[in-house]
Amino acid sequence: MDLKTLFLPLDVSQKNDEFIAMESKSFAKDVWQRFCRNRRALFGFVLLSCIVLLAVFGAMASPYTYDGQDTAIRNLPPHAQHWFGTDKFGRDIFTRVLYGVRMSLLIGFVSTAVNFLVGLVYGGVAGYCGGYADMLMMRVCDILYAIPAMLYIILIMLIFGSHVGSILIGICLSGWVGVARIVRAQVLSLKEREYALAAYVLGSSRRRIFFKHLLANSMGALLVTVTLMIPQAIFMEAFLSFIGIGISAPMASLGTLAQDAKTYFQVYPTQILFPIGMICLIIFSLSFISKGLEEAFDPRNRR
Amino acid sequence: MAMVRYILKRCFIGVATLFVLITVTFFLTRLMPGNPFEGDNVSTATLEKFAEEYGLNLPIHQQYVRYVGKLLQGDLGTSFKKPGVSIVSLIAKGAPATMSLGLTAYVSAMFLGIVIGVWEAVSKREMVRSVLMSLSTLGISVPNFIFAILMMLVFGVWLKWFPTLGLDTPKHYVMPVVTLAVYPVAQISRLVHASFTEAMRMDYVTMAKAKGLRQSTVLFKHILKNALIPVVTNSGPLIAFLMTGSFVVESIFTIPGIGREFVNSVSNRDYTVIMGLTIFVGALIILCNLVCDVICPLVDPRIKITR
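Residues numbered from 1 in each chain as written. Chains lettered and ligands numbered in written order. Predicted model: local features only at pLDDT ≥ 70, side-chain atom pairs only at ≥ 80, totals over all residues. Heavy atoms only, no water.

Asks: Lay out the overall build of chain A in plain terms, naming residues and giving numbers.
Replies: Within chain A one finds eleven helices and zero strands. By the burial criterion, 46% of the 303 residues in chain A qualify as buried. Across chain A, contacts joining residues at least 24 apart in sequence account for 70% of those joining residues at least 6 apart. Summed over all atoms, the accessible surface of chain A reaches about 15,900 Å², with 65% contributed by carbon and sulfur. (Helix = DSSP H or I, 4+ residues; strand = E, 2+ residues; numbered from the N terminus. Buried < 20%, exposed > 50% of the residue type's maximum accessible area, 1.4 Å probe, protein only. Contact = heavy atoms within 4.5 Å. Areas by Shrake-Rupley, 256 points an atom, 1.4 Å probe, with all protein chains shown as cover.)

Here you go:
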């Protein structure tokens, strides 16, 4: 018998037939897929994207400006020309709400980005150095953390005046403490792991271990916190504007709009309902996203 | 011994925080645009009185020493816009309203939060759990001033069930207390839910059940007692939240408390009152955190105090 007829060559595709394993996925892809399977999280994500798009392009497309006054059309209820009605100066509330959303999102994202970076570096250095440096740096955090942020944000607003910059400074002054604490805790525990030791033994530089291994691995726990910081910043801005020291007129933020409408809200309830409804929508979508991320990052949910 | 060291350390941090707070507040107030002691309609005589009282003619470090010295004697200064009114008297006037409101909110938040959290943990019906879960998400994510406005609109203006101003009768308490307590209730119920579910899975609970203890004994003595530890730990931040929350609630519902006084002084730019109240509220919160930190290891021996 000829060997060639006895043994047929196997097709390449059948080679790994009995190899049982999951399809190899990168961590980010895996998280993203789990995130998309979570309907509530996906809903939040789509909602937030719609709001962002509307705020960016809707305000450009609107025929009205945020400060254009028209005394002939004061305090109108919502109708076809003015979707959300007009305020006491005859300004189009829909356009003002869109500008308000821009302002709120700007404050939310910028302050969170700054807090994230500062906290990442501060916590990372504290956790990596350890010893006295760590002790000292964490006591500074303790002190900053113990004073309620609202108190000195108000002082800062009074000093630097009512504009976006001072709100950002105020929120960023101590907002990073939470991030720093998480990063420090993560780095402290991660640097004792075998892979950190292995990287050290293989001759990686300290910087590479710090960035590639320690910081990268503490990202998951961080992202969840960070998505929760955005609504906190938005809330802080809205609150400051609401008590009258936030963004000042004619600029619009969602808090200022609510503050403006507060005086007459018993007569014209729609003027206050639209801006606060918008704040709620933004905050809901972010909290859905955060919840979704939390579940997606949990390796126990891996399928 | 470790305990004494721990308490001393916490006290030291508390004092340091207080010191930072006073220093920062003092110098920030001096940084404010224009001289905070220059008003449009203030007579020269008053200005001179202020210059003397705050030692404005002295160099700034001497002013600072003087201010701290006065603070240590319990003197927070006097109002700048309402001459002759001391800040301590403002606090004394506002304290009853703020205290009664805060305490009512604190007690009801604790009670409701624990009940809802336990209910969520023990309920076997998916429906109940998901409704409670959504409610707590709602409570955590909606800012309290929005709650206040919505409640005022619905229950105060449209349905006319509750009065919208002041704090005279028990009925007046309903809306402000609900506004203040919504967030804490949601937060506490989440904490209790999480720790309760965890405690239910513990070996000592299985053991207690296996011993044939009564259901209620297991529930209260073994599970609940352990599940409540995070609630105690969280009390400090909770009090801080209620304190700053009172700013919003009191100014929306026109309640004559410390919070409204603070917001008013901010809108009037009454710098001395802002400074005094900031230090007072800050000190109060620092004190609450300190007490909470000292109590925690007593309640939960697992916290290593030697750290």
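Asks: Which residues make up the overall build of chain B, and what are the values?
Replies: Counting its secondary structure elements, chain B contains 13 helices and zero strands. Seen in sequence order, chain B has helices and strands lined up from the N terminus as α-α-α-α-α-α-α-α-α-α-α-α-α. In terms of principal-axis extent, the alpha carbons of chain B reach across some 80 × 60 × 30 Å. Scored against the burial criterion, the 307 residues of chain B give a buried share of 47%. Of the contacts formed within chain B by residues at least 6 apart in sequence, a portion of 72% connects residues at least 24 apart. For chain B, the accessible surface area stands at approximately 15,500 Å², while carbon and sulfur atoms represent 68% of it. Within chain B, the 16 negative side-chain charges are centred at a point lying 13 Å from the centre of the 27 positive side-chain charges. (Lys, Arg positive; Asp, Glu negative; His and termini not counted. Charge placed at Lys NZ, Arg CZ, Asp CG, Glu CD.)

Asks: Just give me the short version of the pattern of salt bridges, but keep the residues and values in it.
Replies: In total, this model carries five salt bridges over all chains according to the counting rule given. Between A:Asp134 and A:Arg184 there is a salt bridge whose closest N-O contact spans 2.6 Å. One end of the pair, A:Asp134, is in helix α5 (residues 131-146); the other, A:Arg184, is in helix α7 (residues 164-190), and 50 residues separate them in sequence. Across the pair B:Arg129 and B:Glu126 runs a salt bridge whose closest N-O atoms are separated by 3.0 Å. Taken together, the positions of B:Arg129 and B:Glu126, both in helix α5 (residues 126-141) and three residues apart, correspond to about one turn of that helix. Several salt bridges converge on common partners, so that one network encompasses A:Arg139, A:Asp142 and A:Arg181. (Salt bridge = Lys/Arg side-chain N within 4 Å of Asp/Glu carboxyl O.)

Asks: I'd like a rundown of the interface of chain A and chain B, residues and numbers included.
Replies: Of the residues lining the interface, 31 residues belong to chain A; the matching set on chain B comes to 42 residues. For the pairing of chain A and chain B, the buried interface totals around 3,500 Å² over both sides, and the portion due to carbon and sulfur atoms is 85%. Our count for the chain A to chain B interface comes out at zero salt bridges. Put simply, chain A and chain B have zero residue pairs in polar contact (both at pLDDT 80 or more) between them. The biggest single contributor to the side of chain A that touches chain B is helix α11 (residues 269-297) of chain A, with ten residues. The residue inventory of the side of chain A that touches chain B, partitioned by class, reads 26 nonpolar, two polar and three charged. (Buried area = accessible area lost by both parts, 1.4 Å probe. Polar contact = N/O pair within 3.5 Å; in protein donor to acceptor, adjacent residues only side chain to side chain. Nonpolar A, V, L, I, M, F, W, Y, C, P; charged D, E, K, R; others polar.)

Asks: Let's hear about α5(B): which residues, and what values?
Replies: Under the 1.5 Å per step criterion, the end-to-end length of α5(B) is 22 Å for 16 residues, consistent within 8% with the ideal 22 Å. Along α5(B), the positions that sit buried rather than exposed are B:Val128, B:Leu132, B:Ser136, B:Thr137, B:Gly139 and B:Ser141. Packed against the buried residues of α5(B) are α11 of chain A together with α4 (87-122) and α7 (170-200) of chain B. (Expected span 1.5 Å × (residues − 1).)

Asks: Account for the side chain of B:Asn144, with residues named and values stated.
Replies: Inspection of the secondary structure assignment puts B:Asn144 in helix α6 (residues 144-158). Overall, the relative accessible area of 8% leaves B:Asn144 in the buried class. Apart from the residues within four sequence positions on either side, B:Asn144 is in contact with A:Phe235, B:Thr179, B:Phe241, B:Gly245 and B:Val248.

Asks: Can you explain unusual backbone geometry? Please cite residues and give values.
Replies: With glycine set apart, most residues show a phi of negative sign, and most peptide bonds adopt trans. Residues and elements named next belong to chain B. Even without being glycine, Thr254 reaches a positive phi, approximately 50°. Here Thr254 shows up in the loop between α11 (235-252) and α12 (258-268). Residue classification places Thr254 among the partly exposed positions, given a relative accessible area of 31%.

Asks: Explain the nonpolar core to me, and be specific about the residues and the numbers.
Replies: Grouped together as the largest cluster of nonpolar side chains are 108 residues, with contacts concentrated most on A:Val101, A:Ile154, A:Ile282 and B:Phe145. Of the residues forming this core, the biggest block, twelve residues, is contributed by α11(A). When residues no more than four places from it in sequence are discounted, the contact partners of A:Ile154 are A:Leu240, A:Ile243, A:Ile245, B:Phe262 and B:Val266. If you look at the next biggest cluster of nonpolar residues, it comprises 19 residues, including B:Ile188, B:Val192, B:Ala199 and B:Val231. (Core = buried A, V, L, I, M, F, W, Y, C linked by side-chain atoms within 4.5 Å.)

Asks: Can you lay out the side chain of A:Ser285 for me, pointing to particular residues and giving the numbers?
Replies: Here A:Ser285 shows up in helix α11. Among all residues touching A:Ser285, those that are not within four sequence positions of it are A:Gly44, A:Leu47 and A:Leu48.

Asks: Can you explain the confidence of the model for chain A? Please cite residues and give values.
Replies: Across chain A, the average pLDDT comes to 81, with 90% of residues at 70 or higher. No element of chain A has a lower mean pLDDT than helix α1 (residues 3-6) of chain A, at 74, and none a higher one than helix α4 (residues 93-129) of chain A, at 88. (pLDDT = per-residue confidence, 0-100.)

Asks: Break down the packing of α4(B) against α5(B) for me, citing the residues and quoting the values.
Replies: Residues and elements named next belong to chain B. Contact pair α4 / α5: the axes reach a minimum separation of 8 Å and the direction vectors enclose 140°. Two packed elements cross with a definite hand, and for α4 against α5 that hand is left-handed. Along the contact surface, α4 presents Ile116, Trp119 and Glu120, while α5 presents Val128, Arg129, Leu132 and Met133. (Axes fitted to C-alpha atoms, helices over the stretch in contact; angles between N-to-C directions. Left-handed = near helix turned anticlockwise from the far one by under 90°.)

Asks: Give me the lowdown on the packing of aromatic side chains, citing residues and values where you can.
Replies: Residues and elements named next belong to chain A. Evaluation of the coordinates by the stated rule reveals 16 aromatic pairs over all chains. Summarising the aromatic geometry, the rings of Trp32 and Phe35 are spaced 5.9 Å apart at their centres and angled 20° between planes, so their arrangement reads as stacked. With Trp32 and Phe35 both in helix α2 (residues 27-37) and three residues apart, this pair spans about one turn of that helix. You can call Phe35 buried: its relative accessible area is 4%. Judged by centre distance (4.7 Å) and plane angle (50°), the rings of Tyr122 and Trp176 are tilted. Of this pair, Tyr122 sits in helix α4 while Trp176 sits in helix α7, and the two are 54 residues apart along the sequence. Neither residue differs from the other here; Tyr122 and Trp176 are each classed as buried. Just above the ring of Tyr145 sits the side chain of Arg181; from NZ or CZ to the centre is 4.3 Å. (Phe/Tyr/Trp six-rings, centres within 6.5 Å; stacked < 30°, edge-to-face > 60°. Lys NZ or Arg CZ within 6 Å of the ring centre and 35° of its normal.)

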